[in-house]
Amino acid sequence: MPFTLKSTIQLNNGVSMPLLGLGVYLMRPGKETYQAVKAALEIGYRHIDTASFYRNEEDVGRAVRDSTVRREEVFITTKLWNNDHGYDSALRAFEASLKRLGLGYIDLYLIHFPVPNLREQSWRALEHILANNRARAIGVSNYTERHLKDLLSHSTVVPVVDQVEFSPFLYQRDLLEFCRKQRIRLEAYAPLTAGRRLDDPRIIAVAKRHGRTNAQVLLRWAIQHEVVVIPKSRNVDRIAENARIFDFELTSEEVSALDRLHDGFRSSWDPTAAAWDFPAVVLPMMGYSIAAGGGKHYE
Ligand SMILES: NC(=O)c1ccc[n+]([C@@H]2O[C@H](COP(=O)([O-])OP(=O)(O)OC[C@H]3O[C@@H](n4cnc5c(N)ncnc54)[C@H](OP(=O)(O)O)[C@@H]3O)[C@@H](O)[C@H]2O)c1
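Residues numbered from 1 in each chain as written. Predicted model: local features only at pLDDT ≥ 70, side-chain atom pairs only at ≥ 80, totals over all residues. Heavy atoms only, no water.

Trainee: Break down the pairing of strand S5 (residues 75–80) for me, citing the residues and quoting the values.
Mentor: Of all the six residues making up S5, six are buried; the element is thus mostly covered by neighbouring parts of the structure. In this fold, strand S4 (residues 47–49) hands off to helix H2 (residues 57–66), which returns the chain to S5; that crossover is right-handed. By the bridge criterion, four bridges tie S5 to strand S6 (residues 106–111) in an arrangement that is parallel. Opposite Thr 78, over in S6, you have Tyr 109 as the bridge partner. For the handedness criterion, the β-α-β arrangement of S5, helix H3 (residues 87–101) and S6 is classed as right-handed. (Buried < 20%, exposed > 50% of the residue type's maximum accessible area, 1.4 Å probe, protein only. Helix = DSSP H or I, 4+ residues; strand = E, 2+ residues; numbered from the N terminus. Right-handed = clockwise from strand over helix to strand, strands pointing away. Pairing = 2+ DSSP bridges.)

Structure (structure tokens):
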């Protein structure tokens, strides 16, 4: 069946997740986030991706509450920030996010980054949150295959999602394949390369052929891989443009040609360099500081 703006994928626990969402990273708290989320819901988006780190959970929650769309129809993701790892801290951070959002539950709660040493305890906290029906699903972000294998070796709940950077320039084929086998859905962040590679002539050529924009081609490529996309825009016209990806299709040759653009480009942090579990004393020597975010960030 062809995808539509209302298309969902099924997560491994039976919960449905819309294939397209609005990302709100680097949206200013207050009016900017509120208006973008309100506009997205009016256009037909039913999925918003925020994080405590983005400092705009309040505005996301307010826009959802003020909209005419029923809460049950909107899928809301937020994330556990790196400084909040550990069993009790993660539980507290989750409650704080819920309070800021002003919602009774969260659809998807993610570990934002595989912080060394503490992430196992944090995952147990997320399992507790899930068991208590405070979140409908739990997952991870920025986990490589190695981090996932480690998690699967001690967890009772398989994460529903791994949210990672994913674009033709960072076509994570092996991770996608591994996740498919484990019934973990891949979710693409920075699907528009954070705007940095949008003007690549090879994307332009495909866009011209279909009478589409470069952004639409990148998003369409990801959903044809059945990967959830969460493009960010604070501009109403671009929010609408990014949703018009369900009425055209790339050929399999075009998808393969775009796959071959992979050159390892990242707009964001690189979790492959994220420390494995080392004694805490070693981390500063490796340039890691859990307090500073457990990895090199991209801001
Ligand atoms: N888990 C993680 O570690 C992680 C990391 C990064 C991002 N994320 C999530 O993923 C979401 C998306 O990633 P991202 O925000 O980094 O990058 P992105 O969605 O790839 O790109 C956003 C940039 O593209 C511009 N843009 C949006 N639509 C456009 C269009 N149709 N034409 C031209 N330019 C367009 C935006 O500008 P305007 O706003 O001015 O339109 C913005 O500068 C984030 O908002 C966040 O929710 C998660």
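Trainee: Explain the site of the ligand to me, using residue names and the numbers behind them.
Mentor: The local shell around the ligand holds 29 residues, among which Asp 49, Leu 192, Lys 232, Ser 233 and Arg 238 are the closest. Contact between the ligand and Tyr 54: a nitrogen atom at 3.4 Å from a side-chain N or O atom of the residue. Within the side chain of Lys 232, a nitrogen or oxygen atom sits 2.8 Å from an oxygen atom of the ligand. Summarising the interface, the protein chains cover 88% of the accessible area of the ligand, which totals 900 Å² for the free molecule. The cavity that encloses the ligand is the largest pocket. With three residues, helix H9 (residues 236–243) is the single largest residue contributor to the shell around the ligand. (Near = heavy atom within 4 Å. Polar contact = N/O pair within 3.5 Å; in protein donor to acceptor, adjacent residues only side chain to side chain. Areas by Shrake-Rupley, 256 points an atom, 1.4 Å probe, with all protein chains shown as cover. 1 Å grid on protein atoms, 1.4 Å probe; cavity = no way out; pocket = protein on both sides within 12 Å on 5 of 7 lines; lining within 4 Å. Sits in = over half its atoms within 2 Å of the grid points.)

Trainee: Describe the pattern of salt bridges, with residues and values.
Mentor: One side chain can pair with another of opposite charge once the charged atoms of both are near each other. For the structure on display, the rule yields 18 salt bridges. The shortest N-O distance in the salt bridge between Glu 57 and Arg 100 comes to 2.7 Å. Taken together, the residues span a long stretch of sequence, with Glu 57 in helix H2 and Arg 100 in helix H3 at a distance of 43 residues. A salt bridge links Glu 226 to Arg 185, with the nearest nitrogen and oxygen atoms 3.9 Å apart. (Salt bridge = Lys/Arg side-chain N within 4 Å of Asp/Glu carboxyl O.)

Trainee: So what's going on with the nonpolar core? Which residues, and what values?
Mentor: Judged by nonpolar contacts, the single largest core of 88 residues is most densely connected at Leu 11, Leu 22, Val 37 and Tyr 109. Broken down by element, the residue count for this core peaks at seven residues, all from helix H8 (residues 214–224). Residues in contact with Tyr 109, not counting those within four places in the same chain, are Thr 78, Lys 79, Leu 80, Ala 90, Ala 93, Phe 94, Leu 126, Ile 129, Ala 135, Ala 137, Ile 138 and Gly 139. Among the nonpolar cores identified, the runner-up in size contains eight residues, and Trp 81, Phe 113, Tyr 189 and Trp 269 belong to it. (Core = buried A, V, L, I, M, F, W, Y, C linked by side-chain atoms within 4.5 Å. Contact = heavy atoms within 4.5 Å.)

Trainee: I'd love a proper account of the layout of surface pockets, names of residues and values included.
Mentor: Size it by volume and the largest pocket reaches roughly 710 Å³. Forming the walls of the largest pocket are 34 residues, and the residues nearest its centre are Tyr 25, Ala 190, Ala 194, Gly 195 and Lys 232. Among the elements that make up the lining of the largest pocket, the one with the highest residue count is H9 (three residues). (Points joined across faces, edges and corners; volume = space filled by probe spheres on them.)

Trainee: Quick rundown of the pairing of S6? Include the residues and the values.
Mentor: Burial within S6 is extensive, with six of its six residues counted as buried. By the bridge criterion, five bridges tie S6 to strand S7 (residues 135–141) in an arrangement that is parallel. The residue bridging Tyr 109 from the neighbouring strand is Ile 138, located in S7. Where the polypeptide runs from S6 across helix H4 (residues 119–131) and back to S7, its parallel neighbour, the crossover connection is right-handed.

Trainee: An account of the environment of Asn 214 is needed here, citing residue identities and associated values.
Mentor: Within the secondary structure layout, Asn 214 lies in helix H8. Along the backbone, Asn 214 and Glu 58 are 156 residues apart, and their C-alpha atoms lie at a distance of 32 Å. Leaving out residues up to four positions away in the same chain, Asn 214 has contacts with Leu 198, Asp 199, Ile 203, Ile 204 and Ala 207. Within the local environment of Asn 214, its side chain forms a polar contact with the backbone oxygen of Leu 198, the two atoms lying 2.9 Å apart.

Trainee: Break down unusual backbone geometry for me, citing the residues and quoting the values.
Mentor: Here the phi dihedral of Leu 26 falls at roughly 65°; this positive angle occurs in a residue that is not glycine. Here Leu 26 shows up in the loop between strand S3 (22–23) and helix H1 (31–43). On the accessibility criterion, Leu 26 (52% relative accessible area) is exposed. Unlike most non-glycine residues, Ala 190 shows phi in positive territory, near 45°.

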